[in-house]
Each structure stands twice: as structure tokens, then as C-alpha cells.
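Structural overview
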There are 2 protein chains.
Amino acid sequence: MKNITIKDIAKIANVSYATVSRALSGVPGVSDETRSRILKICEEIGYTPDYMARSMVTKSTKLIGLIVPDISNPFMSEMAFNIEQFAGESGYHIMLCNSVSSLEQEQNVFKLLMGRKVDGILIFPTGAQSHKLLEKYLDKIPVVFVSENLGSFHASYVTVDNFQGTSIGTEYLYSLGHRNILYFGRRASHKLRYEGYEAICKKYGLEPHFYESPYHTDSIKHGYDMAMDLFKANSSLPYTAIFASTDSNALGLLKACEEVGIRIPEDISMLGFDNIPYSGLPKIMLSTIEQPYKLMATAAVSMLIDKIDNPEFGYSHKILSPKLVVRSSCQKLD
Amino acid sequence: MKNITIKDIAKIANVSYATVSRALSGVPGVSDETRSRILKICEEIGYTPDYMARSMVTKSTKLIGLIVPDISNPFMSEMAFNIEQFAGESGYHIMLCNSVSSLEQEQNVFKLLMGRKVDGILIFPTGAQSHKLLEKYLDKIPVVFVSENLGSFHASYVTVDNFQGTSIGTEYLYSLGHRNILYFGRRASHKLRYEGYEAICKKYGLEPHFYESPYHTDSIKHGYDMAMDLFKANSSLPYTAIFASTDSNALGLLKACEEVGIRIPEDISMLGFDNIPYSGLPKIMLSTIEQPYKLMATAAVSMLIDKIDNPEFGYSHKILSPKLVVRSSCQKLD
DNA sequence: TTGAAAGCGCTACCAT
DNA sequence: ATGGTAGCGCTTTCAA
């Protein structure tokens, strides 16, 4: 089955194939009559232009590489949906890669994506070291990180204000009367989340406590496993509230609490971070800090496209505001 | 910033660029000495081959197009993760497109993907008519549908046995003593799910009832809206159990029930379909029919790659077995 | 074993 | 307004 090329349709239309190219690209320099005749022929014989060949000469693939730790995480998939939609509006397509929370795999797919000649890369870094490891490619291809500001090197990123997020969360817990609050999750990759929590603790003279996650990624399962370890190590918990670093962690924690008979919020209050759709489920009703998904997605895409169009423009940062979502997982103490 | 090409490294190595190509492609016909010298140079100056240029001549992009209605749906994102991983093992990359449950958009992205010269397309059809609309492309590019068998045309697909799924679900409900069961969701795109339910109803002389979804996609929100409409139209429901067509629908229904004060499973039993991770959350504990995610993903990918490698081999079907997952959303009647 | 050159489908430049 | 053609980076004959 031979491929139809502009040469074929040039032959049919009795013009040079340069003219066909012009007609299809919409550039001026073709009479309206010729153009519409050519377009009609293309339509009829079902010609589709070859993006690859076009890309070879234009040096632009209209392709964006998207690297996420794990697309099955609702935070990622929600972002991915919005990213794909918004990128599509600008004529970009998405090449999706999971780094499966491995720095090595992250490097691999990054290099692969470069070989694929994507115009730019949007990356949800898997860890704090991702930035450093990827630094050497940053002048070779436009990249924007979707993550908090880690390190001080020169890179574009968009992020929610994680520090502010946990600050308002901890303030909320404090206002409810909580004085013993545990931070539950990863501190390395969400450094600023921990620091926001810590800052408010200090502000009120509370002792900050944390339970560090041994995992490189957040999921219900990991949250559950962590929680079970925590319970095993402590026969009774001295906290009145737990601030989980992500909703996924919180959901796993919730599951573990249910199993060992800890009631939420009667026995202990719980606050999450992200506001994934499942946090609003009945009986779950997790209070949490919301990330502005759609805004983050559009900001990330347009920042990347800006960088693609103007590589010389340096780099930019965009920090979006989080929002407290009060449901019913936190109790007022008296 | 000039691109490094094989010509550059040919110059450095003092060989023709054909030799470089041979060395890199691993084809025989280059002395070991020359090859290792070339490879070392590539390594040193950080050369990465241009997949596009390569694809132009080999006519193979090692790219798979993945079309899903909505990647933010957990069923889709779970599948997408496994698909990406498994495809990656065979050297394929994924181009992700959301059809946003629109037949028109589905057609658009399909054509776009063809223009991108992907080697094959994996599609989660958005509706019953998808197959018919896409039929005309099926001899132009390898396609495998991830969906139940709709219509009788010639196309490859992998699916869970939807009929069997709702059959065992309905049998389960019947065995619990339920005699008035409502089927809740879309019947058009999950025709066989409805029919499995219907068949078991008939088998036991029960009257099948359904509440048809006006939506083209399943989500918590749609399930919730549907449920609210249902409740508004009926002051008291004559059913003892509801079989939701998907877990997402069930979760929305659950939310609505909570709001109007219907207790699950005390007042009414509820069964879902898919077994997304959130169905196992504490207090939710939705009993459901499980789809074998990983198996479906690997089956779909290997079926597609088979078709890519042997386009002349016709088409194939693979129907996987569902499994009942009993949690606590269904009550035994006495 | 290696080199020369054609050609993949297209855009863009230079002519006309 | 249209045609001719070089060339994008690569693989793959065909010769040497």
C-alpha cells in the first residue's frame, strides 16, 4: 500500500509539488483557484501530510514530552488531562512517559525524548535530585518543571505554593485547638511542605514532629504501609492531628486507621494535600489543601511554549496559590 | 546551537558517514575496531541519533497512539500506566490523546495520529459508534480496540468479558436474596454489561430495570447527577439493590445516597464494575467486578505489536475473565 | 570492510 | 503565481 505524497497530488493537479506544499501550508503565493483545487484533490484521495518529513525541515515537531512518576496517580492524571487539552489547542501533541519514580528511568526517558526531537519537556520530577541530574540538558531543550523550587539553579517551573499550603493547613489545625500535630510523608521531595508546617509550629511554640516516608512515591498503598509501621512502633499516638503530605498518603492512612479502630476525626484529625476527587467521597470527606489543577496545567504548558518560541528569554517561575478545603476530617478540640 | 549528526562524527572518526550509521545500527559490516572507536566518539561528544530522520527511511516510528476518552478516569490512567510500561519494554513510545468522549474529537485525533505516522493505534472507544466511524481507516494502520465486541466488523480487540461480569454480579445479588435490582448507567457503550444483567434476571424470572445515563462518559460527577435525577423522579425506590455500570458511577451514586440519607447497604445494596483503587477505601468498601488491568494492558500492547509486525495476519480477539470482589456494599436479605 | 550516492516527504529559497 | 531544486539526518543499496 503505497503512501500518498504531495508528489502524487501534484501530478494529479498538474502543478509542481512546491505549489502543493504552499497550498497546504497556507502560505501566500498561490492563487485561490489553484489552492482550492489542490485542497479538493487532497480531500478526495484522503491525503494526510507527513509530520515527520515536515519536522525534518522545519526543525519543529510540535511534540511535547511529558514525564510523570506515575500516570495512575490521580494528581498526575488530572494534570495530564488538562495539559493534553491545553497543549492540543496550540497544536502540540503529548508523548507520555512514566519515570516510575526512578531517577535512572527518569534520565533514560528524558534522553529518549530528546532523541525523539520533542520541542520541549514538561516534567514532574520524581525527587529532589532530579533537577541536578537533569541540569546538563537544560540548555539543549526547553524544559519546565512542575514542582516546588528546589535548589537555586536556573530552571523554569510552575508550582503551587507548598509552603503557604501547609502553613494555612497548620494554622487551621491550630485554630481548631490542636497542639500536637504529626507531619506524615516525604520531606525530601516536598521540602517546602514540611517547612510550612514547621514554621507555623514554631510560630506557636509547638514541637514539630514528622514521620518520614521511606518511599519515593505517594500512593494509597504506601500511605497504608507507612501507617501500619507507625502504629506498630507506637502503641498509642501522642498526636491529636496528622497532616499528610498528599491526599494519597492520607487515604492510605485512613484505611489503616479504620483497620486498627482509630476513628477520624473523633480520635484523631486528619488533613491532606492536593484535593484529588476521591477525597470528597462520602464518609471519606477529607479536609485538604487544594492545588489549582487547571491553572497549573495551563501555566505549565504556556510557559513551555513560550520557552519553545523564545529560547533566549531565560527562565521563569510561577507560583500558584493553594486553598484550604474544609470537609469533615478535622475536629475542633476544646 | 548546531545539531550533532552522523556526518560530524564521521569527520572526527575519519570514516564515511555510512560507516557511522552501520556502527550505530549494529549491523554487520564494520570492523570491531572501527565500531568501538566510533561508539566512543559518540559517547564523548554526546551524540543522540535523530529518530525522525531514521523513521523517514525505515518507515517505522516505534510510536503507538493511545486514544482514551479521559485520562483522568482511574480506569484509563491505570491502563495507560501499564500500557506505557509494557510498550516501553518493546521500544515503543506513547502518544497520548483524550477524545473527551466526543466522536468528532476521536476522529480528529485518530487522523492526527495517522499523520504523525504512529506505527499503530490503541483506542478506548468513546461510544458504540466509534467502531463504525473508524472502520475506513482500519486497513491503513494497525488498530486494536480496548472494548467489548460491538458490531460484527473486522477489527482486533481485547476486552474483559462484560457479559460474564454482570452475570456473576447479578447472580451474586440474587444469591443474597435480591429480587428487585436496578441497572444504573450507560447501556449503549456497555451493551454486554446490560445484557449479562438482563440474562440473569430472565433466568430467575426477575423483571430487569434500568436507569439510562444521558452522559457519554462515566465519572463520579455524572453518577451523582444521574442519581439525583433518579431520586427526584422517584420519592421512594422500589429496588433492594443497584448494579452500577462502572465504579465511577457507583461512587457518584454513593455520594448522592449519602446526601439524601439512603444508607448503603442497609437501605439498598450496591455493586460496581471495574474495581478502581478508590472502591476499596474504608467506609466505601464497594463490592464490584474486577477487570484484570495488567493483563488487559499487556494483551492489548502485544496484540498491537503483533499486528504491526505482521499486518497481513488478519485480526484477533482476546476476552479476559472478570472477577467478583466482595466488600461490604451488598447486604444479605432474609 | 568501507565509501558513494540515492532517496524518504517535505519546506524554503531562488528563479522565472 | 508557479517551478526547480537543495537539503533536513538518516538507512540502504551498489561499488570498490
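Criteria and cut-off values
- Residues numbered from 1 in each chain as written.
- Chains lettered and ligands numbered in written order.
- Predicted model: local features only at pLDDT ≥ 70, side-chain atom pairs only at ≥ 80, totals over all residues.
- Heavy atoms only, no water.
- Helix = DSSP H or I, 4+ residues; strand = E, 2+ residues; numbered from the N terminus.
- Rg over C-alpha atoms; globule rule 2.2 N^0.38 Å.
- Buried < 20%, exposed > 50% of the residue type's maximum accessible area, 1.4 Å probe, protein only.
- Contact = heavy atoms within 4.5 Å.
- Areas by Shrake-Rupley, 256 points an atom, 1.4 Å probe, with all protein chains shown as cover.
- Lys, Arg positive; Asp, Glu negative; His and termini not counted.
- Charge placed at Lys NZ, Arg CZ, Asp CG, Glu CD.
- Near = heavy atom within 4 Å.
- Polar contact = N/O pair within 3.5 Å; in protein donor to acceptor, adjacent residues only side chain to side chain.
- Patch = residues over 30% accessible without salt bridge, like charges linked within 9 Å, V, L, I, M, F, W, Y side chains within 5 Å.
- Salt bridge = Lys/Arg side-chain N within 4 Å of Asp/Glu carboxyl O.
- Least-squares fit on C-alpha atoms with pLDDT ≥ 70 in both.
- Arc of directions from axis to C-beta.
- Buried area = accessible area lost by both parts, 1.4 Å probe.
- Pairing = 2+ DSSP bridges.
- Axes fitted to C-alpha atoms, helices over the stretch in contact; angles between N-to-C directions.
- Core = buried A, V, L, I, M, F, W, Y, C linked by side-chain atoms within 4.5 Å.
- Domains from an automatic or database assignment.

Let us now look at the overall build of chain A. Each helix and strand in chain A was counted, giving 12 helices and 12 strands. A compact globule built from 334 residues would reach a C-alpha radius of gyration of about 20 Å, whereas chain A, at 25 Å, exceeds it by more than 25%. Along the first, second and third principal axes, the C-alpha set of chain A runs to 85 × 40 × 30 Å. Evaluated residue by residue, chain A yields a buried proportion of 54% over its 334 residues. For chain A, the share of sequence-separated contacts (at least 6 apart) that also reach a separation of at least 24 residues comes to 70%. About 14400 Å² of surface is accessible on chain A, with carbon and sulfur atoms providing 53% of the total. In chain A, which carries 34 positive and 36 negative side-chain charges, the distance between the mean positions of the two groups comes to 5 Å.

Taken together, the neighbourhood of DNA strand D is formed by 29 residues, with S16 and G29 of chain A together with I6, S21 and Y47 of chain B sitting nearest. Here, DNA strand D places atoms within 4 Å of the protein, and 62% of those atoms are sugar or phosphate. Here a phosphate oxygen of DNA strand D sits 2.7 Å away from a polar atom, N or O, in the main chain of S16 of chain A. Contact distances for DNA strand D include 2.9 Å between a phosphate oxygen and a backbone N or O atom of S31 of chain A. Among the elements of the structure, helix 2 (17-25) and helix 4 (51-58) of chain A together with helix 2 (17-25) and helix 4 (51-58) of chain B are those that each provide at least two residues to the surface near DNA strand D.

This brings us to a nonpolar patch on the surface. Together, M56 and V57 of chain A together with M56 and V57 of chain B make up a nonpolar patch on the protein surface, roughly 370 Å² of accessible area in all. Broken down by secondary-structure element, the contributors of at least two residues to the nonpolar patch are helix 4 of chain A together with helix 4 of chain B. Structurally, V57 of chain A is set in helix 4.

Our focus in this paragraph is the pattern of salt bridges. Under the definition given, this model contains 22 salt bridges over all chains. Across the pair K191 of chain A and E195 of chain A runs a salt bridge, and its minimum N-O distance is 3.1 Å. In this pair, K191 of chain A and E195 of chain A both sit in helix 9 (residues 191-203), 4 residues apart, roughly one turn of the helix. Of the residues examined, K191 of chain A reaches a relative accessible area of 43% and is grouped as partly exposed. A salt bridge links E290 of chain B to K323 of chain B, with the shortest nitrogen-to-oxygen separation between them at 3.7 Å. Residue E290 of chain B is located in strand 10 (residues 287-290), and its partner K323 of chain B is located in strand 12 (residues 323-325); the two are separated by 33 residues in the primary sequence. Here E290 of chain B falls in the partly exposed class, since its relative accessible area comes to 23%.

The two copies are related by a screw motion: chain B maps onto chain A through a turn of 180° and a shift of 0.1 Å along the axis, at an RMSD of 0.2 Å. Here the symmetry operator amounts to a two-fold rotation axis. No C-alpha of chain B lies nearer the rotation axis than that of M95 of chain B, which sits 2.2 Å from it. When the interface residues of chain B are mapped onto chain A, 100% of them again fall at the interface, so both copies present the same face.

In an α-helix, one turn spans 3.6 residues; hence positions three or four apart end up facing the same way. Residues and elements named next belong to chain A. What helix 1 (residues 6-13) keeps buried is the set I9, A10 and A13. Seen end-on, helix 1 carries its buried residues on one side only, within an arc spanning 110°. When the buried face of helix 1 is taken as reference, the exposed residues oriented beyond 90 degrees from it are K11 and I12. Considering only its buried residues, helix 1 is in contact with helix 2 and helix 3 (32-45). Looking one or two residues past helix 1, N14 carries a phi angle of roughly 60°, positive in sign.

Moving on: the side chain of H93 of chain B. The topology assignment puts H93 of chain B in strand 2 (residues 93-98). You can call H93 of chain B buried: its relative accessible area is 9%. In this structure the side chain of H93 of chain B is engaged in a polar contact, spanning 3.0 Å, whose partner is the side chain of R116 of chain A. With sequence-adjacent residues up to four places away left out, H93 of chain B is seen in contact with M95, L112 and R116 of chain A together with K62, L63 and I64 of chain B.

Residues in contact with DNA strand C amount to 29 residues; listed here are only the nearest, I6, S21 and Y47 of chain A together with S16 and T19 of chain B. Y17 of chain A places a side-chain nitrogen or oxygen 3.3 Å from a base nitrogen of DNA strand C. Between DNA strand C and the protein, one listed contact pairs a phosphate oxygen with a side-chain N or O atom of Y47 of chain A at 2.3 Å. Breaking the surface near DNA strand C down by element, the ones donating at least two residues are helix 2 and helix 4 of chain A together with helix 2 and helix 4 of chain B.

What follows deals with the interface of chain B and chain A. Counting residues at the interface gives 49 residues for chain B, matched by 50 residues for chain A. Carbon and sulfur atoms supply 64% of the area buried between chain B and chain A, which totals about 5000 Å² over both sides. Contact with chain A buries area across many residues of chain B, yet M52, R116 and Y278 of chain B alone supply 15% of it, more than any other trio. The interface formed by chain B and chain A contains 2 salt bridges. The shortest N-O distance in the salt bridge between K283 of chain A and E258 of chain B comes to 3.6 Å. Taken together, the connections running from chain B to chain A amount to 12 residue pairs in polar contact (both at pLDDT 80 or more). Contributions of two or more residues to the side of chain B that touches chain A are made by helix 4, helix 5 (74-89), strand 2, helix 6 (103-115) and helix 11 (247-260) of chain B.

Below, the discussion takes up the sheet that holds strand 4 (residues 143-146) of chain A. A sheet is described by the order of its strands in space; here 12 strands give the open sequence 11(A)-5(A)-4(A)-3(A)-1(A)-2(A)-2(B)-1(B)-3(B)-4(B)-5(B)-11(B), paired in mixed fashion. Unpaired on one side and paired on the other, strand 11 (317-320) of chain A together with strand 11 (317-320) of chain B mark the two borders of the sheet. Going across the sheet, the axis of each strand differs from the next one's by a mean of 20°, ignoring polarity. Both strand 1 (residues 63-68) of chain A and strand 2 (residues 93-98) of chain A contribute to a ladder of 6 bridges, which runs parallel. Within strand 2 of chain A, the position partnered with G65 of chain A by the bridge is M95 of chain A.

Here the focus is the nonpolar core. L251 of chain A together with L251 of chain B are the most contacted members of the largest nonpolar core, which has 143 residues in total. Core analysis: the next-biggest nonpolar cluster, separate from the first, contains 42 residues, I67 and V118 of chain A together with V118 and Y137 of chain B among them.

Here chain A is described as being made up of domain 1 (6-49), domain 2 (63-159 + 293-319) and domain 3 (162-291). Centre-to-centre separation of domain 1 of chain A and domain 2 of chain A, based on C-alpha positions: 37 Å.

The next thing to look at is the environment of I242 of chain B. All names here are of chain B. Here I242 is to be found in strand 8 (residues 241-244). Taking relative accessible area as the criterion, I242 reaches 1% and is therefore assigned buried. Sequence separation between I242 and S269 is 27 residues; the distance between their C-alpha atoms is 6.2 Å. Sequence-distant contacts of I242, that is, excluding residues within four places in its chain, are made with L182, F184, L253, I268, S269, M270 and L271.

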